[in-house]
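The chain contents come next:
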Amino acid sequence: MSRTSTQQDAAPAPDPAASDAAPKADSPLVHGLKQRHLSMIALGGVIGAGLFVGSGAGIAAAGPSIVLAYAVSGALVMLVMRMLGEMSAANPASGSFSVHAERAIGPWAGFTAGWGFWFLLCVAVGLEGIGAAKIMVGWFPDSPEWAWVALFMLVFCGANLTAVKNFGEFEFWFAALKVGAITLFLGIGVLAILGILPGSDTPAPGLENLTGEGGFMPNGTDGLIIGLLASVFAYGGLETVTIAAAESENPVRSVAKAVRTAMWRIALFYVGSMLVVVTLLPWDNKDVAAKGPYVATLDHLGIPGAGQIMNVIVLIALLSAMNANIYGASRMSYSLIVRGQGPKVLGRVYSGVPRLAVLASSVFGFVCVLLSYWRPDDVFPWLLNMIGAMILVVWIFIAVSQLILRRRTEREEPQKLVVRMWAYPFLTWVALAAMAYIFYLMTEQPDTRKQLLATGTLTLCLAVIGYVRQKRAEKQEKPAATA
């Protein structure tokens, strides 16, 4: 039976020693998310402004081979999500991969993965707020950008301070609009490729744009590598569904279904979109990078008001990401805190919601926005570089954790393996090798080399802090055990 009652206000934080590895009947968080919420969170999480706008830079670098880049990185994401789905279905937890890393590797690993991801989400909230504000200023030129950022932060912070079902409803409709837009674009694109788009004089392009203008890989392997790196980081966001699953009516069934349904749709939306764009337009069309591939394609087909239509969709994508990232950051920090990995005061739960964790995550996101104004030339770029490769760090923790926990679960509780990683352990090792290779590729490019250095510095600092905390806790436990 789903839980509908709320906890007493200002309920004390759970004992830090308590495990967050599985949902409990007396968990302070309310299980208010339905299956439809989880399914849309899984889909909407990867459909962001990076796909609608940022993919233009990847096309400009890789040409038609961007399709191959997105297919390869999409396959890697599918493997990572299958691993995460296996662990989350076996042990649903609001801390998701942080909890799994702690159980598999040790508290220092859970600390590093969890707070690193929290930092990533909070900075992303600031970036999305800035992006959404710029769109609004374009529509209302006399309005100040900071006012829009403040408004969006207040709205979504407020939404996350209320019952979790409100977050779910926001994300359901945001994601539904994004999925609808992608589906409509793919439909229009296929008709145009076949030369049967009603009201369009654009002839069927055939294979001319895929094989002409320098061929399928006009910039060689260097261009493909740049496109691959861009596509890898565009997929970040799916992890939030396993965090949200812990607050669903049936965590095990919900996360299993959400992960399964998201797999093929990732390939359809990302790879399909890129194939439509590079088939209909020459890859070196300046509008692809300047306007974004979707706007450029719709303009090419003579769709009226394409620019403004896509601006609305991008705004929805940014607001959706803000909402999801505030939620994900607050639940990740809450999980860390109740496991003794953060300040206890932020772990207090009010009416089933960790409101202080929501406020702390929102405030940090707003500070990132302020830094973009106060220190645009030094501190803010350093923040951006710090999160540049953090998603890869998280994926590595996921893969290593799955290798360890799969063996342990098969030995101790095999009935919990309702979702299984394909071809275990072979494909897990393949995914780890692919991530290591991506790190190597990042050292070859000046921009990504800076990101790798900054992310590595942040990860190392978190790992050292986590390890020191772990050793200190172990020393404190020894006298208690011998007393």
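The preceding data block contains the structure.
Below, the structure is looked at part by part. (Residues numbered from 1 in each chain as written. Predicted model: local features only at pLDDT ≥ 70, side-chain atom pairs only at ≥ 80, totals over all residues. Heavy atoms only, no water.)

## Looking at the packing of aromatic side chains
Logical step 1: Scanning the entire structure with this criterion turns up 15 aromatic pairs.
Logical step 2: Centroid distance W115 to W118: 5.4 Å. Interplanar angle 80°. Geometry classified as edge-to-face. You can see W115 and its partner W118 sitting in helix α5 (residues 107-139), 3 residues apart, about one turn around the helix.
Logical step 3: Its relative accessible area of 13% is what places W118 among the buried residues.
Logical step 4: Three or more aromatic residues joined by ring pairs form one cluster here, namely W115, W118, F119 and F364. (Phe/Tyr/Trp six-rings, centres within 6.5 Å; stacked < 30°, edge-to-face > 60°. Helix = DSSP H or I, 4+ residues; strand = E, 2+ residues; numbered from the N terminus. Buried < 20%, exposed > 50% of the residue type's maximum accessible area, 1.4 Å probe, protein only.)

## Some points on the environment of W139
Logical step 1: One can find W139 in helix α5.
Logical step 2: By relative accessible area, which is 29% here, W139 ends up partly exposed.
Logical step 3: The contact partners of W139, leaving out residues within four places of it in the chain, are Q308, N311, V312 and L315.
Logical step 4: A distance of 2.7 Å separates the side chain of W139 from the side chain of Q308, its partner in a polar contact. (Contact = heavy atoms within 4.5 Å. Polar contact = N/O pair within 3.5 Å; in protein donor to acceptor, adjacent residues only side chain to side chain.)

## A look at the environment of G32
Logical step 1: Secondary-structure assignment places G32 in the segment before α1 (35-44).
Logical step 2: Spatially, the C-alpha atoms of G32 and G328 are 15 Å apart, while their sequence positions differ by 296 residues.
Logical step 3: Among all residues touching G32, those that are not within four sequence positions of it are H37, V164, K165 and E247.

## Some points on the side chain of S231
Logical step 1: Here S231 shows up in helix α9 (residues 220-234).
Logical step 2: Engagement of the side chain of S231 in a polar contact is seen with the side chain of S73, the distance being 2.9 Å.

## As for the nonpolar core
Logical step 1: Counting residues in hydrophobic clusters, the biggest one holds 146 residues, and the most contacted among them are F52, I66, F117, W395 and I398.
Logical step 2: The biggest single contributor to this core is α5, with 17 residues.
Logical step 3: Beyond its immediate chain neighbours, meaning those up to four positions away, I398 contacts V80, M83, L84, M87 and F97.
Logical step 4: Grouped together as the second largest cluster of nonpolar side chains are 5 residues, L29, Y334, V349 and A357 included. (Core = buried A, V, L, I, M, F, W, Y, C linked by side-chain atoms within 4.5 Å.)

## Topic: a nonpolar patch on the surface
Logical step 1: There is a patch of nonpolar side chains on the surface, built from L68, V72, F216 and M217 and spanning about 310 Å² of accessible area.
Logical step 2: With respect to the helices and strands, L68 occurs in helix α3 (residues 66-90).
Logical step 3: Its relative accessible area of 37% is what places L68 among the partly exposed residues. (Patch = residues over 30% accessible without salt bridge, like charges linked within 9 Å, V, L, I, M, F, W, Y side chains within 5 Å. Areas by Shrake-Rupley, 256 points an atom, 1.4 Å probe, with all protein chains shown as cover. Salt bridge = Lys/Arg side-chain N within 4 Å of Asp/Glu carboxyl O.)

## A closer look at the pattern of salt bridges
Logical step 1: Scanning the entire structure with this criterion turns up 9 salt bridges.
Logical step 2: Between K134 and E145 there is a salt bridge, and its shortest N-O distance comes to 3.5 Å. Residue K134 is found in helix α5, and its partner E145 is found in helix α6 (residues 145-161); the two are separated by 11 residues along the sequence.
Logical step 3: In this structure K134 comes out as partly exposed when scored by relative accessible area, which is 49%.
Logical step 4: Across the pair E410 and R406 runs a salt bridge whose closest N-O atoms are separated by 2.9 Å. You can see E410 and its partner R406 sitting in helix α17 (residues 390-412), 4 residues apart, about one turn around the helix.
Logical step 5: Look at the salt bridges and you will find they share partners, linking E86, R406 and E410 into a network.

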